[in-house]
Amino acid sequence: YPNAFTGYAMTAYYFDCTEQFAENLRILLRMVLTPWFPAESVEKERGIIAQEIRMYEDSADSRAYEDLFGAMFAHHPIRVPIAGTVESIGEITPQVLQDCHAAFYAPANLMLCVTGDVDPALVEEIARAESANAHAEPVPVRDYGPAEAMTCPTKRTVRHMEIAMPTFCLGFKCEPPARGLESMRREIIGDLAAEILVGESSALYTRLYDEGLINSDFSAGYESVRDACLFSAGGDSRDPDAVLRAILDEAQRLSREGFDRALFDRRTRDLDSFESVCYRMCAYHFDGVDYFSFPEAYASVTPEDVLQFIRQVIRPERAALSIILPNESEESA
């Protein structure tokens, strides 16, 4: 089973298999490291990508997140949809793809991760052989522009779509952490803050659910890419503004009174799937940290770290709210 995806921080090509692992790995590496962009294939793929873009544009969840990122960040690339637009992909030519491959698809900018019952020596042998003729370019220098202010350029956006119930995403801007272990610690702290503030076992989640302000699709967490971090939450709600006010009020209460340490002591982590392990190893690697440092980083986090995160981040001046309303709503955007 082969597949690929592009996120805000990396592009990944991968496969799952139950046999013929060595041959599958050779094919994957040849495919990634060998540029081949015939004009007819580019034209065909352009139509496929255009269909995917239109599909995302018809998804209320996708539009809510993209509108939130656009509202929160003034210039960071996270505010630009990953897939681009139908108009922008019309400008892609075989030469553009060739230039992109030459700039980024070099071994120095690549991480290979394998999870399973495999022979590490065999993996290394195949990787060295298949990358022997790859161009040895240095890692490209990224430029994300000047540091973002901790306030949001736009506080509230509203869009109308063909949906049955309003959908929303809200976010609070966070200071980007230093790369390496501190980045991993901040992610742990942010996720724990989300669980304690508005996770399924929290008092606030129960109250919002009982009042019909959220449903089981509601979720919250910490998200981070280079130089852009946020605490986000979202789902369906008949009154997204009330959800935002409730989260702000609960953050103030926790800042004054603290939280039940039993919530912190009961923290657990599900065992990751093979696919998740591979993804996390790659993502952490490109952020300058070893995935296997996780136990050390996790053990170093204290309740006070989580409380300080809530005090510093969950504040009105750092908040933005993106709402998708049903078309029949009379509220204007």
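Residues numbered from 1 in each chain as written. Predicted model: local features only at pLDDT ≥ 70, side-chain atom pairs only at ≥ 80, totals over all residues. Heavy atoms only, no water.

**Student:** Looking at this model, I keep getting lost on the packing of aromatic side chains. Mind explaining?
**Tutor:** Note on aromatic pairs: each is described by the distance of the centres and the angle between the planes. For the coordinates displayed, the defined rule picks out 15 aromatic pairs. Taking 6.2 Å as the distance between ring centres and 55 degrees as the angle between the ring planes, the aromatic pair formed by tyrosine 205 and phenylalanine 218 counts as tilted. Taken together, the residues tyrosine 205 in helix α8 (residues 203–210) and phenylalanine 218 in the loop between α8 and β5 (219–225) connect sequence positions 13 residues apart. With a relative accessible area of 5%, phenylalanine 218 lands in the buried category. For the pair tyrosine 291 and phenylalanine 292, a centre-to-centre distance of 5.7 Å together with 75 degrees between the ring planes defines the contact as edge-to-face. Three or more aromatic residues joined by ring pairs form one cluster here, namely Phe168, Tyr205, Tyr209 and Phe218. (Phe/Tyr/Trp six-rings, centres within 6.5 Å; stacked < 30°, edge-to-face > 60°. Helix = DSSP H or I, 4+ residues; strand = E, 2+ residues; numbered from the N terminus. Buried < 20%, exposed > 50% of the residue type's maximum accessible area, 1.4 Å probe, protein only.)

**Student:** Sorry, what's going on with unusual backbone geometry here?
**Tutor:** Glycine aside, negative phi is the norm for most residues, and most peptide bonds take the trans geometry. With a phi close to 55 degrees, glutamine 20 is a non-glycine residue in the positive phi region. Its location among the elements puts glutamine 20 in the loop between β2 (11–15) and α1 (21–33). Judged by its relative accessible area of 57%, glutamine 20 is exposed. We note that aspartate 227 has phi near 70 degrees; this positive angle belongs to a residue other than glycine. Residue placement: aspartate 227 occurs in the loop between β5 and β6 (228–236).

**Student:** Please clarify how the pattern of salt bridges should be interpreted in this entry.
**Tutor:** Oppositely charged side chains can pair when the atoms bearing their charge come close. As enumerated under the stated definition, the model contains 17 salt bridges in all. Taking the shortest distance from any N to any O, the salt bridge between arginine 26 and glutamate 23 comes out at 4.0 Å. Of this pair, arginine 26 and glutamate 23 both sit in helix α1, three residues apart, roughly one helical turn. The exposure class of glutamate 23 is partly exposed, given its relative accessible area of 34%. A salt bridge links arginine 128 to glutamate 124; the nearest nitrogen and oxygen atoms lie 2.9 Å apart. Placement of the pair is arginine 128 and glutamate 124 together in helix α6 (residues 120–130), with a separation of four residues, close to one helical turn. Using a relative accessible area of 58% as the deciding quantity, one classes arginine 128 as exposed. (Salt bridge = Lys/Arg side-chain N within 4 Å of Asp/Glu carboxyl O.)

**Student:** What should I look at first to understand the sheet that holds β6 in this one?
**Tutor:** For sheets, the rule is that strands pair by backbone hydrogen bonds, running either parallel or antiparallel. Spatial ordering of the open sheet is given by β3-β7-β4-β6-β5, a layout of five strands whose pairing is mixed. Both outer strands of the open sheet, β3 (156–161) and β5, are each paired with one neighbouring strand and no more. Within the sheet, the average angular offset between the axes of one strand and its neighbour, ignoring direction, is 20 degrees. Here strand β4 (residues 167–174) runs beside β6; their pairing, made up of eight bridges, is antiparallel. Across the sheet, phenylalanine 172 pairs through a bridge with phenylalanine 231, a residue of β6. (Pairing = 2+ DSSP bridges. Axes fitted to C-alpha atoms, helices over the stretch in contact; angles between N-to-C directions.)

**Student:** I would appreciate a short explanation of the pairing of strand β7 (residues 319–326) in the present structure.
**Tutor:** Along a regular strand, successive side chains alternate from one face of the sheet to the other. Of all eight residues that make up β7, eight are buried, and the element is covered over most of its length. Two strands pair when backbone bridges link them, and β3 and β7 are joined in this way by six bridges, in the parallel orientation. Looking at β7, one finds that valine 158 is bridged to isoleucine 323.

**Student:** Whenever I open this one, the side chain of serine 237 confuses me. Can you help?
**Tutor:** Secondary-structure assignment places serine 237 in the loop between β6 and α9 (240–257). In contact with serine 237, not counting residues within four places along its chain, are Met165, Pro166, Phe168, Leu213 and Val243. (Contact = heavy atoms within 4.5 Å.)

**Student:** Explanation requested: helix α11 (residues 274–286) in the structure shown.
**Tutor:** The α-helix advances 3.6 residues per turn, and as a result positions three or four apart in sequence lie on the same side. Between the first and last C-alpha of α11 there are 19 Å, a value that for 13 residues agrees with the 18 Å anticipated at 1.5 Å per step. Within the span of α11, buried status applies to Val277, Cys278, Arg280, Met281, Cys282 and Tyr284. Buried residues belonging to α11 abut α7 (181–198) and α12 (294–300). Looking one or two residues past α11, glycine 288 carries a phi angle of roughly 80 degrees, positive in sign. (Expected span 1.5 Å × (residues − 1).)

**Student:** Which parts of the structure should I look at to understand the state of the cysteines?
**Tutor:** Between two cysteines, a covalent bond joining their sulfur atoms is known as a disulfide. Across all of its chains, the model carries zero disulfides by this definition. For the unlinked cysteine cysteine 169, the closest cysteine sulfur is that of cysteine 152, found at 13 Å. For cysteine 169, a relative accessible area of 2% puts it in the buried group. Here cysteine 174 stays unpaired: no disulfide links it, and the sulfur of cysteine 229, its closest cysteine neighbor, is 6.3 Å away. (Disulfide = S-S within 2.5 Å.)

**Student:** Is there a simple way to explain the pairing of β5 in this structure?
**Tutor:** Two elements, β5 and β6, share seven bridges in a ladder whose sense is antiparallel. Residue pairing in the sheet places tyrosine 222 in a bridge with phenylalanine 231 of β6. Counting the residues in the hairpin turn of β5 and β6 gives two residues, including aspartate 227, whose phi is positive at 70 degrees.

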